[in-house]
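Structure at a glance
The primary structure of each chain is shown beneath.
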Amino acid sequence: MALPIQYNIRSVLVRWRSTLSTIFGIGLVVAVYVMMQSLAIGLEQSSANTGDPRNLLLMRKGSTAETSSQVTREQFKLLQYLPGLEKDEKGEPLISADTMILITLARRGNQGEANILVRGVTKMGIYLRPQVELIQGRMFEPGRREVIVSQRLAERFEKLGIGETFKTGGHELTVVGWIDGHKSAFDSEIWMDSDDARSLFDRENYSSVLLRADPTRWNEVTNRVESDKRLPLMTISESKYYSDQTATATPIRFLGNFLATAMSIGAVFAAMNTMYASVGSRTREVGTLRVLGFRRRSILIGFLIEGAILAFIGGALGCLLALPINHYSTGTLNFQTFSEVVFEFNITLPLIIKGLVFAVTVGLIGSLFPAIRASRLPVIASLKSL
Amino acid sequence: MSIGGFILRNAIRNKRRAFLSVLSVAVSLFLFVTLLVGLRELTQPPHDTGSAARIVVRNKISLGNLLPSRQKATIEKMPGVEAITPFTWFGGKFRGEEVLFGQFAVDPKVLLKVFAEARMTFEQFEAFEKDPTACIVGIKTCEKYGLKIGDFIKLQGTFWPLDLNLKLVGIYKGSIDDRNLFFNHRQLDEMPGSTGEVGTWWVKAKTLDAVAPLVQEINAAFSNTTAAVRAETEQAFQLSFISMWGNIKMLVLSICSVVVFTLVLVCASTMSMAIRERFRELAILKALGFRRRELFAFILAESFGLAATGALIGVGGASFLFNQTEIVVNASQNFLIAFEMTPRIMGQACVVAAILGIVSSIGPSLSVARMSVVQGLKTLD
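Residues numbered from 1 in each chain as written. Chains lettered and ligands numbered in written order. Predicted model: local features only at pLDDT ≥ 70, side-chain atom pairs only at ≥ 80, totals over all residues. Heavy atoms only, no water.

1. Points about the interface of chain A and chain B
Counting residues at the interface gives 54 residues for chain A and 47 residues for chain B. Taken as a group, Glu-113, Phe-269 and Asn-273 of chain A account for 14% of the area that chain A buries against chain B, more than any other trio of residues on that side. Where chain A touches chain B, the interface holds 2 salt bridges. Two residues, Glu-113 of chain A and Arg-58 of chain B, come together in a salt bridge whose shortest N-O distance is 3.9 Å. The interface formed by chain A and chain B includes 8 residue pairs in polar contact (both at pLDDT 80 or more). Looking at the side of chain A that touches chain B, the elements that each hand over two or more residues are helix 2 (16-48), strand 2 (95-106), strand 3 (113-121), helix 9 (249-281) and strand 11 (329-334) of chain A. Examining the composition of the side of chain A that touches chain B, we find that 15 residues originate from one element, helix 9 of chain A, more than from any other. Split into classes, the residues belonging to the side of chain A that touches chain B amount to 25 nonpolar, 21 polar and 8 charged. (Contact = heavy atoms within 4.5 Å. Buried area = accessible area lost by both parts, 1.4 Å probe. Salt bridge = Lys/Arg side-chain N within 4 Å of Asp/Glu carboxyl O. Polar contact = N/O pair within 3.5 Å; in protein donor to acceptor, adjacent residues only side chain to side chain. Helix = DSSP H or I, 4+ residues; strand = E, 2+ residues; numbered from the N terminus. Nonpolar A, V, L, I, M, F, W, Y, C, P; charged D, E, K, R; others polar.)

2. Things to note about a nonpolar patch on the surface
Residue and element names in this part refer to chain B. Residues Leu-300, Phe-304, Val-351, Ile-355, Ile-358, Val-359, Ile-362 and Leu-366 make up a contiguous nonpolar surface patch of about 650 Å² in total accessible area. Those elements giving two or more residues to the nonpolar patch turn out to be helix 12 (292-324) and helix 14 (343-370). Among the elements that take part in the nonpolar patch, helix 14 stands out by supplying 6 residues, more than any other. Along the polypeptide, Ile-358 turns up in helix 14. Of the residues examined, Ile-358 reaches a relative accessible area of 41% and is grouped as partly exposed. (Patch = residues over 30% accessible without salt bridge, like charges linked within 9 Å, V, L, I, M, F, W, Y side chains within 5 Å. Areas by Shrake-Rupley, 256 points an atom, 1.4 Å probe, with all protein chains shown as cover. Buried < 20%, exposed > 50% of the residue type's maximum accessible area, 1.4 Å probe, protein only.)

3. Side note on the environment of Thr-104 of chain A
Of note, Thr-104 of chain A is situated in strand 2. When the C-alpha atoms of Thr-104 of chain A and Thr-168 of chain A are compared, they prove to be 7.4 Å apart, with 64 residues separating the residues in sequence. Excluding its chain neighbours within four sequence positions, the residues that come into contact with Thr-104 of chain A are Glu-113, Ala-114 and Asn-115 of chain A together with Arg-58, Ile-61, Ser-62 and Leu-63 of chain B.

See below:
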């Protein structure tokens, strides 16, 4: 048993020229697979990463995103007295009304335009989102048309550097600081003062309300909101709101799976070709092994292992090829908020393992028929063959 | 045996290998054209005859901001305007779920003037105009949900704080996207608490020449108001929509190049395998007096033939699948509209196949050229 395996492993190395293209072929398939999936993972993680587990988000009933929600000032006032609302050290309730506005900005390098989410936020709103960190510059001052933007957005869009001014509609906004959302959905946002945003963009109402309450009392809060006729609002945990926004990743996953399937069919054919040729040119060696007393099963397993090793090397190569793209930042359209979402390719260990398993599967399928053929070679005839 | 017959016999001598090579080329080319067709679908919206004369006016801040309805009167008076309709995205849930078909509030009286392509009977149009709670729906959506005339369609507002109960009075077809639902804008205007806002204005110009000045005039007319607008042709509007997809185009193109590269690799290795097997025969041919040029021609013809057969199966299969059947469109649940193969994409795939055939014959040709007859005759494998 041990000999054919060693024989097959060595064969992979000895006939490197003929196997190299197969390895490359499988490697490229795996690379595409890993890249596409890492894109989907990165996108999903940016939504899964967002939100504080103690926070509750309130939106208008029926709305599917903060951008399409409305909360009036009267409603916001009523909400200040909800049961279970936590307070800060000064005794102020931890509740904030945000104003969400979509603005169109130009991408860097003439790459067209995209919608960006502007979040009008209060002091309390900043406090409620500890994930967001000011990394450069300073905080905006209310009333001065100042904004702070995510550094990742600034890398992708024109005129978002600190000190720069950009225009939207008829208004000019000055960037005074950069924030880092630590791979959360806030990495795709521009922040400014909530009331500034309302007056500047002509909004009567706020968009959503974020508050902090003891999770054990969330039911109480929800019941209170639902039972109050003056509050046509719904409550949802902040983390859940964001983690529900992963639908954008579905088409990417679909595309990735489609590509992987189609390309792997091609790769199976290629692997089969190589393995058949490899079996064909070693007919005599196989015959010798059989004469030496090795069983058909051993030959079969040996060739399968050869194919698997071939594919494994290809898979590892593919993962290596995909690796440079890890943490590369990119963006696409989030269907729920209708705005650009910035995220990173994220290659995780389970994904690499999946890629390798995928490669080995391709190798095994590709070498199955050639291996069966090798194990069924008639001994005498194969010894005679040149 | 003729030379053609000789090449053909050689190509299919190892039937299994020829079969596998052709299939792997076919699969790869199929993938290649699918990606290109998909990319075209996403980046080049199908545009119809009327679209060149249509202007879309939206809020300058972004599409997510609304426009005041008073703007209609100003635009209407401009010279060169044939018709103007509000066009407001409703985005309601239907039967409790978010749906792929668009729902738009429009002005039924001018709808036909702005969108001349849609086909519907006159009676249905009349009914749509008369009844403010009426709606018309594209035939594809009707088929998908089994809707017929007289049905009531309940839409639960997500963006608008309003639920609609619309009566289906007309089913249109023949427009570029037979999926959408149109209803009377009065439903939104008369909503309690309405401030009279619309999503976009769609303006039809009288002539194509009037489009460019009209765009300028509309932009200038509102530039210093509280609701500055951006007017652009329908095509420019669609393109700005597409640019929101971000780097998808680059992504798909780079995948395409990876596919092509893999293809070349596989094909080249198959060819060199096939040639290596026959080194001795080629040496004999050389000894018989065949020139290098002729040997090259044999090799080239064989690899070209393999690639061409693969292209025929892959590209032909894809074009049958996309253009003759609606499998892909249906599988995407009408997310994709046309998904059609164009002659251009077919041409691109054929060019790739041709390059493939040529490139993969280079390696074997070189080794044949280098081989000396004696050495070749000695080769056993």
